[in-house]
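Chain and residue survey
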Amino acid sequence: MPNYNMESKYVHEVDNNYRTGYDRIFKKSKTVSGPNKNFVTWDQVHEYTDFLSKVIEHQHYDAIIGIQRGGLIPAVLLSHKLNMPMHTVQFSLRDHKHVVVDDINDSGETFTQLKEKFNKAGLSVKYAVLHNNVPSKFTVDHYALEIDKSKDPAWIVYPWESK
């Protein structure tokens, strides 16, 4: 199966609607910046989760796993958009195919630790985020927007976080 991340060479070949949607949604710069922070709006969160839902809906996942705290809201939104059950990492997850959702793949440490635990448990897990940091040591399967914190280290502030 091709990689549907937005900058992938396969996106345009697989479906022009993905590229058109990407250009329409993500080429607009709407992020409000502050001192060393980039604030994400609720409209952007909905655009990102709309995009991710279209990308992952054909993957036939059985459930969404939200990472506490930042990943729970995007996971809830995706759960509703895809009409799929949602779990947190506290539940028993055997014998199903899952997608783990978080707000950002920053350093990759959270996902690296989770992957190790999920692998030991024999779980089939993929990973999706709103923002994927290019220098991260972990490669996620799906993301809505790619960033490079080595070039712009601003903290991403989501609308559900304290400012």
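Notes on the structure follow.

**Description of helix α3 (residues 42–56)**
Compared with the 21 Å implied by 1.5 Å per residue over 15 residues, the 21 Å span of α3 between its first and last C-alpha is a close match. Buried within α3 we find Q44, V45, E47, Y48, T49, F51, L52, S53, V55 and I56.

**Examining the pairing of strand β6 (residues 124–133)**
Within β6, eight of the 10 residues are buried, which leaves it mostly tucked inside the rest of the structure. Two elements, strand β5 (residues 97–105) and β6, share eight bridges in a ladder whose sense is parallel. Along β6, the bridge assignment pairs I104 with H131. Chirality of the crossover, the property in question, places the unit of β5, helix α5 (residues 109–120) and β6 among those that are right-handed.

**Overview of the sheet that holds β5**
Strand order in the open sheet formed by five strands is β4-β3-β5-β6-β7, and the pairing between neighbours is parallel. Among the strands making up the open sheet, the edge pair consists of β4 (86–88) and β7 (142–147). Mean inter-strand twist for the sheet, computed between neighbouring axes without regard to direction, equals 30°. Here α3 sits on the sheet in contact with β5, β6 and β7, set at roughly 135° to β7. Sheet contacts for helix α4 (residues 72–82): β3 (63–66), β4, β5 and β6; angle to β3, the most-contacted strand, approximately 165°.

Each value, and the rule that gives it
Residues numbered from 1 in each chain as written. Predicted model: local features only at pLDDT ≥ 70, side-chain atom pairs only at ≥ 80, totals over all residues. Heavy atoms only, no water. Helix = DSSP H or I, 4+ residues; strand = E, 2+ residues; numbered from the N terminus. Expected span 1.5 Å × (residues − 1). Buried < 20%, exposed > 50% of the residue type's maximum accessible area, 1.4 Å probe, protein only. Pairing = 2+ DSSP bridges. Right-handed = clockwise from strand over helix to strand, strands pointing away. Axes fitted to C-alpha atoms, helices over the stretch in contact; angles between N-to-C directions. Contact = heavy atoms within 4.5 Å.

These results come straight from atomic positions and should not be treated as a statement about function.
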